[in-house]
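Structural overview
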Amino acid sequence: MKRNILTLLTGMALGALLMGNAVAAGVMAEPSWQNIYVDGRQVHMTAYNIGGNNFIKLRDIGKEVGFNVYWQDGVQVDSTVPYTGEAPVQAAQAAQTSPAEPVRVSCYKEEPLAVGDRTGLMIYPGGVEYTVTSSDPSIVSVEKALGRFWKANAISPGTATITATGPDGKTGSVVVTVTGSAQSGTRSVDLNANMEIRQEMVRLINQVRQEHGLAELPVDDRLMNAMQDVSTQHFLKHTRYEREALVAYGWLCGGSNNLTSFGADGESDIAGHAVRNWVNSPGHLQAMLREDVTCIGTGVTVENGRTYCYMSVGNPDGHGLL
């Protein structure tokens, strides 16, 4: 038993009756008034004396000691669960009566999409290998990005249905509308701009990590491209565009982003200025010192006397989206 039934210090020989009074042919059952203890605590259980032996209901013992007793094709005793007196619901029966979770599909980027837009697809339940198709690839094409992740590409104006099919044959879909007008993120971006400054930022960030006993982070092109794109948007606070840019450049994994902006007039050490700002901010420093990340990307844009600096660290084997 899960608990030691011998701690029933009754001083009696215990028999077991599931229910009802103890009756044997030609034998009279009489109440027994002996004290009964469980782990040193006196409890009340109805007992009967039959032929010089004391009998207690098995159900009563289960209640006090803490194991289940129930009827299911005979008397069943389950020492792994507390007493309920009821038979457990069988897993097979539960699976038959519980409806399967439907497949749900949606886009990370808000609709309508513009021609040239790319967006990650959210497909639930997760952890399943789906097959994803488009009803009209000339309007919206789909492609596998990383692991079990998929993304959609807006090709031309119109509507198309994206359908995800699981290994069990269940499907889910989303209708995607594409317009002909370009939205933010579709304009031309020089992804190699300010590369020397960005590489120096990577070096300085890795120097900070080494000072804290952490490994250096190699550059990941997806993170570099996404952060450079975001830096050209001149944001002064974090926005959803960061997440959409990461997905658009093929990064569908978890991580952390840092942003800083400051006047650029006469600034000769942009990389050092940015990293110092992050080191002096506990939240930004924590992002740089994450132990669960394995790569880094940076972005820098200098325009109209102001600089916009971004950093993103992540792990391609991580789970979830930024």
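None of the values given here were measured: they were computed from a predicted structure.

Rules and cut-offs
Residues numbered from 1 in each chain as written. Predicted model: local features only at pLDDT ≥ 70, side-chain atom pairs only at ≥ 80, totals over all residues. Heavy atoms only, no water. Helix = DSSP H or I, 4+ residues; strand = E, 2+ residues; numbered from the N terminus. Buried < 20%, exposed > 50% of the residue type's maximum accessible area, 1.4 Å probe, protein only. Contact = heavy atoms within 4.5 Å. Areas by Shrake-Rupley, 256 points an atom, 1.4 Å probe, with all protein chains shown as cover. Polar contact = N/O pair within 3.5 Å; in protein donor to acceptor, adjacent residues only side chain to side chain. pLDDT = per-residue confidence, 0-100. Expected span 1.5 Å × (residues − 1). Salt bridge = Lys/Arg side-chain N within 4 Å of Asp/Glu carboxyl O. Pairing = 2+ DSSP bridges. Axes fitted to C-alpha atoms, helices over the stretch in contact; angles between N-to-C directions. Left-handed = near helix turned anticlockwise from the far one by under 90°. Nonpolar A, V, L, I, M, F, W, Y, C, P; charged D, E, K, R; others polar.

Topic: the overall build of the protein chain
On a plain count of helices and strands, the protein chain comes out with seven helices and 19 strands. Per-residue burial over the protein chain gives 41% buried out of 322 residues. Excluding contacts between residues fewer than 6 apart, the proportion of contacts in the protein chain whose partners are at least 24 apart in sequence is 58%. Put simply, the protein chain shows about 16,900 Å² of open surface, and 51% of that area lies on carbon and sulfur atoms.

Looking at the side chain of glutamine 233
Mapping glutamine 233 onto the fold places it in the loop between α4 (221–231) and α5 (240–248). Relative accessible area serves as the criterion here: at 17%, glutamine 233 is assigned to the buried category. There is a polar contact of 3.4 Å between the side chain of glutamine 233 and the side chain of threonine 232.

Side note on the confidence of the model for the protein chain
Segments scoring low in pLDDT should not have their predicted coordinates read at a detailed level. Confidence along the protein chain averages 80 in pLDDT terms, with 82% of residues attaining 70 or more. Within the protein chain, no element has a lower average pLDDT than strand β1 (residues 14–17), which sits at 41, and none a higher one than helix α3 (residues 195–211), at 97. Below a pLDDT of 50 lies the segment residues 1–25, which in the model reaches 60 contacts outside its immediate sequence neighbourhood of four places, other chains included.

Regarding α3
Helix length check: α3, at 17 residues, gives a terminal C-alpha distance of 24 Å against a target of 24 Å (1.5 Å per residue), a fit within 8%. When α3 is considered as a whole, its buried residues turn out to be Arg198, Met201, Val202, Leu204, Ile205, Asn206, Val208 and Arg209. Glycine 213 lies just past α3 and shows a positive phi near 75 degrees.

Quick word on the pattern of salt bridges
Side-chain pairs of opposite charge can arise whenever the charged atoms involved come near each other. Scanning all chains against the criterion turns up six salt bridges. Aspartate 168 is the partner of lysine 170 in a salt bridge, and the nearest nitrogen-oxygen pair spans 3.6 Å. Between arginine 290 and aspartate 292 there is a salt bridge, and its shortest N-O distance comes to 2.8 Å.

Quick look at the pairing of strand β14 (residues 150–154)
Counting buried residues in β14 gives five out of five residues, a clear majority hidden from the surface. With burial as the criterion, each face of β14 is covered, one bearing Trp150, Ala152 and Ala154 and the other bearing Lys151 and Asn153. Both strand β11 (residues 118–124) and β14 contribute to a ladder of three bridges, which runs antiparallel. What sits directly across from arginine 118, in β14, is asparagine 153. Relative to β14, strand β13 (residues 140–144) runs antiparallel, the two sharing five bridges. Bridging from a neighbouring strand, glutamate 143 pairs with lysine 151 of β14.

Focus on the packing of α3 against helix α6 (residues 270–279)
Between α3 and α6, whose axes approach to 8 Å, the crossing angle comes to 35 degrees. The crossing of α3 and α6 is right-handed. Contacts between α3 and α6 involve Ile197, Glu200, Met201, Leu204, Ile205 and Val208 from the former and Ile270, Ala271, Gly272, Ala274, Val275, Trp278 and Val279 from the latter. The class makeup of the residues in the contact of α3 with α6 is 11 nonpolar, one polar and one charged.

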